[in-house]
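# Notes for the structure review
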Amino acid sequence: MNTSIYTSRQNIWNLLGYFTFWILMSALDRILFISYFREKITDFSLSTIGEIFYHGFKMDLSLAAYMSVLPFLVYSLTVFIPAFKVSGKWLSVYTGILLVFFALTSSINLNLYREWGDKISERAIAAFFISPKEAIASTSSSPVLFSVLLILLIIVFGGFLYYLLTSKKSPAPQGSWKTALIRFVVISVFLFSCIRGGYGRATLNSTVAYFSENAFLNHAAVNTHWAFMKDLIAVDRTVNPYKYFEQPEAEKILAPVFASEADSSESILTTQRPNVVLVILESFTAGLIESLGGETQVTPNFEKLRSQGLLFDRIYAASDRSDKGIVGIYSGFPAQGPESIIKHIIKHENLPGMGQEMTAAGYASSFYYGGQSEFYNFKSYMLAHGNAKVVDQSSFNQSEINSSWGVYDALVFDRLLKDASSEKKPFFKTLFTITNHEPFELETAYKFGEATIVNKFRSTAYYTDSVVYDFIEKAKLEPWYSNTLFVFVADHGHRLPTSKWSLDEPERFHIPLLFFGEVLKPAQRGRVMHRLGNQTDLVATLFHQLDLPTERYPWSRDLLNPTVKEYAFFNSKDGFGVRSNTQDISFNAVGNIVSYKREKNHSEAANKELLDKAKAYYQEVYRKFLSY
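Residues numbered from 1 in each chain as written. Predicted model: local features only at pLDDT ≥ 70, side-chain atom pairs only at ≥ 80, totals over all residues. Heavy atoms only, no water.

## Quick notes on the overall build of the protein
Rule in force here: Elements are defined by DSSP. Helices are runs of H or I of four residues or more, strands are runs of E of two residues or more, and each kind is numbered from the N terminus. C-alpha atoms define the radius of gyration, and 2.2 Å times the number of residues to the power 0.38 defines the globule rule. Under the scheme applied here, a residue whose accessible area is under 20% of the maximum for its type counts as buried, over 50% as exposed, and between as partly exposed, the area being computed with a 1.4 Å probe on protein chains only.
Scanning the protein for helices and strands turns up 20 helices and 13 strands. The C-alpha radius of gyration of the protein comes to 28 Å, within 12% of the 25 Å expected for a compact globule of 628 residues. Across its three principal axes, the protein shows a C-alpha extent of roughly 95 × 60 × 45 Å. In the protein, which comprises 628 residues, the proportion classed as buried is 57%.

Written out as structure tokens, the structure is:
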């Protein structure tokens, strides 16, 4: 019997070297991640870096053990089954394949984290396979040359390290089968222990790496490849990740959030049956809008419209992506963290949708989008929720499809104007803009230049702002204009233009909501409403003005009802938060820790009460998601 792998000192060192090789590769990935986002660490010290590596080391051990299992099993077969032969090159081939995937994952992760604020996950991969063209467009602002060089660097460095730590020698067999068996058991136990992370009741998960209220430090500690691997093979969306209370208790905690006095809504319209044009503005974050505390001169036309409209200046998006923003606006349904209900047609068909009540009230409902409406199931979602017509990229001539996403916004607004002139009244039209999206392309001049991604973003936002204003000016010439309410709201916030806010901070989700048109009562024009709320509150707010039923929208609250309590909830893949008039607090559901508090001296009792509301909110949202 060939017992060389266990009895030969050289082979024992080979196995240890291979295990060490993967630990060092995890360290390399973490070093690259920290270096790339160095500005996110306020206390950049050896102590801080040491804590990151210390808290992530258990995950590094687990990844190294996973990678070492197959080599260990193969070599075990050669020991205990003498007839089993394997090429001496197989381990190099196996490692080479893993290295390529390792390098790709590391590079993609840096770009995703820069854009989304989340590490690579099953969600990102699913988005690519569902809509590869749109996914590529979303990340085409990434530095391609840097990404390619980084991949090559990781592969070359990894290959050198592998050669350095493993030997190509094959010592002659020696030792007894008892010794081989003992070593087999010891190494098996060792690898199993590393994989599992110990012998407590709970198996290893990303929580073990969390140690700080600074979300980035926790993200840096989490082993990128271990977490990604687990997300791919262990995704179970049938279990509520936000289980904090028994259902009756959760409902009791939430009751004050949705309590209000009936028939207390302020009336702002001169008619209950205006035409309604809902414009959903892609990535139109508050950071672009001067009146919301953002930059000046990027959206000057929005300021003109605001001066004649009703602006809600404390509105927050349900989440950080378009698929969740659309559902938040149109169905008044909050985001579901790691899930997205619009991806599940059977589930999203059970949601309510604004177009259904509007159509039942006699409105002609339609949806306009310059891209492929199959993206994120927009087409099936809109058709299932009362829209008789969907106008998308396929509705235009091939010569008009000039951006990586599809048709530029100006042409889509022109199509809406053309259709509105010939369709029955009243109408309800929803238009989702597209140009202000990565890679921030324009066929015209870039107002702020195109030297940096930030200035390209400013330029496409300026374009969208100009196109919206041009649309309004053209609409003023139409006979239906005087009886039309225009509603402008963003789908989500954005890391740009400041790259200042993390997903734990409500400012990342701050967006505009503007009512505009001659159907606004004169006293409402130029008014700024300072009440705190969500984009999910649009449905109830609008429907109460139109005297339409809101019973199917229990998550939506009327922003014009002064008896409604003021809260804004926001959610990302790994966590959630809530803003009140006195405190902001965020919670990381993976690490099970508070990740952000605005007021550090706020009482712990008050913090707990507010956080319990957020926990109960997302527990019940996900429970409802599972029930659809």
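## Notes on the confidence of the model for the protein
Under the convention used in this document: The quantity called pLDDT is the predictor's confidence in a given residue, expressed from 0 to 100. Contacts are residue-level and defined by heavy atoms, with any inter-residue pair within 4.5 Å sufficient.
Confidence in the prediction for the protein averages 92 pLDDT; 93% of positions are at 70 or higher. Confidence over residues 170–174 falls short of pLDDT 50; this stretch has eleven contacts with residues more than four positions distant or in other chains.

## Side note on the packing of helix 3 (residues 46–80) against helix 4 (residues 90–116)
Put simply, the rule reads: Axis lines are fitted to C-alpha atoms, over the contacting stretch for helices. Their N-to-C directions set the angle, which ranges from 0 to 180 degrees. An angle below 35 degrees is treated as roughly parallel, one above 145 as roughly antiparallel, one from 65 to 115 as roughly perpendicular, and anything else as oblique. A crossing counts as left-handed when the near helix is turned anticlockwise from the far one by less than a right angle, and as right-handed when that turn is clockwise. Any residue outside Ala, Val, Leu, Ile, Met, Phe, Trp, Tyr, Cys, Pro, Asp, Glu, Lys and Arg is labelled polar, Gly included; the first ten of those are nonpolar and the last four are charged.
Between helix 3 and helix 4, the least distance of the axes is 11 Å, while the angle of their chain directions is 160°. Between helix 3 and helix 4, the crossing angle belongs to the class labelled roughly antiparallel. Here the hand of the crossing between helix 3 and helix 4 comes out right-handed. Of the residues in helix 4, those in contact with Leu63, Met67, Leu70, Pro71, Val74 and Tyr75 of helix 3 are Trp90, Leu91, Tyr94, Leu98 and Phe102. Of the residues belonging to the contact of helix 3 with helix 4, the class tally is eleven nonpolar, no polar and no charged.

## Here we look at the pairing of strand 2 (residues 310–316)
Condition: Here, a strand pair is defined by DSSP locating no fewer than two bridges between the strands.
Counting buried positions along strand 2 yields six of seven residues, so the element is predominantly enclosed. Pairing of strand 2 with strand 8 (residues 527–529), which is carried by three bridges, proceeds in the parallel orientation. Note on strand 8: the bridge partner recorded for Leu311 is Val528. Relative to strand 9 (residues 533–534), strand 2 runs parallel, the two sharing two bridges. Bridge pairing in strand 9 places Tyr316 opposite Asn534.

## A closer look at the sheet that holds strand 11 (residues 575–579)
As summarised here, the arrangement of the four strands in space is 10-11-12-13, forming an open sheet in which the pairing is antiparallel. Since the sheet does not close on itself, it has two edges, and those belong to strand 10 (568–571) and strand 13 (593–597), each with one partner. Mean inter-strand twist for the sheet, computed between neighbouring axes without regard to direction, equals 20°. Sitting on the sheet, helix 20 (residues 604–627) touches strand 10, strand 11, strand 12 (584–588) and strand 13, and the angle it makes with strand 11 is about 125°.

## Some words on the side chain of Asp320
For clarity, the threshold we go by: For this analysis, a polar contact is any N or O atom pair within 3.5 Å, provided that within protein one partner can donate a hydrogen and the other can accept it, and provided that sequence-adjacent residues contribute only side-chain to side-chain pairs.
By the element assignment, Asp320 lies in the loop between strand 2 and helix 13 (322–330). Taking relative accessible area as the criterion, Asp320 reaches 8% and is therefore assigned buried. At 2.9 Å, the side chain of Asp320 and the side chain of Ser319 are in polar contact. Once residues within four sequence positions are removed from consideration, Asp320 is found in contact with Trp116, Asp118, Arg123, His492, Leu503, Phe509, Asn571 and Ser572.

## Quick notes on the side chain of Lys615
Following the sequence through the fold, Lys615 ends up in helix 20. Dropping the residues within four chain positions of it, Lys615 is found in contact with Tyr244, Phe245, Phe576 and Phe587.

## Quick look at the environment of Ser595
Relative to the elements of secondary structure, Ser595 occurs in strand 13. Here Ser595 falls in the buried class, since its relative accessible area comes to 4%. A C-alpha to C-alpha distance of 26 Å links Ser595 and Ser107, two positions 488 residues apart in sequence. Not counting the four nearest positions on each side in its chain, Ser595 is found in contact with Glu213, Asp504, Ser586, Phe587 and Asn588. A distance of 3.0 Å separates a polar atom in the side chain of Ser595 from a polar atom in the side chain of Asp504.

## Section: unusual backbone geometry
Trans peptide bonds make up the majority, and among non-glycine residues the majority have a negative phi. With an omega of -5°, the peptide bond running from Lys425 to Pro426 counts as cis. Positionally, Pro426 belongs in the loop between helix 17 (409–422) and strand 5 (427–432). The step from Glu438 to Pro439 runs through a cis peptide bond, and the omega angle for that step is 10°. Inspection of the secondary structure puts Pro439 in the loop between strand 5 and helix 18 (453–475). Although it is not a glycine, Asn377 sits at a positive phi angle of roughly 60°. If you trace the backbone, Asn377 turns up in the loop between strand 3 (364–369) and helix 16 (378–384).

## Thoughts on the packing of helix 17 against helix 18
At a closest axis distance of 10 Å, the pairing of helix 17 and helix 18 adopts a crossing angle of 20°. Classified by the angle their axes make, helix 17 and helix 18 are roughly parallel. In the packing of helix 17 onto helix 18, the handedness of the crossing is right-handed. On helix 18, the residues that touch Asp409, Ala410, Phe413, Asp414, Leu416 and Leu417 of helix 17 are Tyr463, Thr464, Val467, Val468, Phe471, Lys474 and Ala475.

## Remarks on helix 19 (residues 538–546)
Counting buried residues along helix 19, eight of its nine residues qualify, which places the element largely inside the surrounding structure. Buried residues of helix 19: Leu538, Val539, Ala540, Thr541, Leu542, Phe543, Gln545 and Leu546, and no others. The inward-facing, buried residues of helix 19 abut strand 1 (275–281), helix 13, helix 15 (354–360), strand 6 (484–490), strand 7 (510–516) and strand 9. Of the residues trailing helix 19, Asp547 is marked for its positive phi of about 55°.

## What about the pattern of salt bridges?
What counts, and what does not: Counted as salt bridges are all cases of a side-chain nitrogen of Lys or Arg within 4 Å of a carboxyl oxygen of Asp or Glu.
On inspection of all chains with the given rule, the structure shows 25 salt bridges. Arg458 is paired through a salt bridge with Glu295; the nearest N and O atoms lie 2.7 Å apart. Residue Arg458 is found in helix 18, and its partner Glu295 is found in the loop between strand 1 and helix 12 (300–306); the two are separated by 163 residues along the sequence. Arg314 serves as the salt-bridge partner of Glu566, at 3.6 Å between the closest nitrogen and oxygen.

## Structural notes on the packing of aromatic side chains
Working definition: an aromatic ring pair is given by the centre-to-centre distance plus the angle between the planes. Definition in use: Here the aromatic set is Phe, Tyr and Trp, taking the six-membered ring for Trp, and pairing holds for ring centres within 6.5 Å; pairs whose planes are under 30 degrees apart are stacked, those over 60 apart are edge-to-face, and all others are tilted. We count a charge as sitting over a ring when the NZ of a lysine or the CZ of an arginine lies within 6 Å of the ring centre and within 35 degrees of the ring normal.
By the definition in use, this model includes 59 aromatic pairs. Across from the ring centre of Phe53, 5.2 Å away, lies the NZ or CZ of Arg30, which sits over that ring. Here Lys615 stacks its cationic end above the ring of Phe587, 4.5 Å away from the centre of that ring.

## A few points about helix 7 (residues 144–165)
We count it as follows: Each residue after the first adds 1.5 Å to the expected span of a helix. Directions drawn from the helix axis to the C-beta atoms are what define this arc.
Across its 22 residues, helix 7 extends 31 Å between first and last C-alpha, which sits within 8% of the 32 Å expected from 1.5 Å per residue. Turning to helix 7, its buried residues are Ser147, Leu150, Ile151, Ile154, Gly158, Leu161 and Tyr162. Down the axis of helix 7, the sector holding all buried residues measures 105°, keeping them to one side. Turned more than 90 degrees from where helix 7 packs its buried face, Leu145, Leu149, Leu153, Val156, Phe160, Tyr163 and Leu164 sit exposed.

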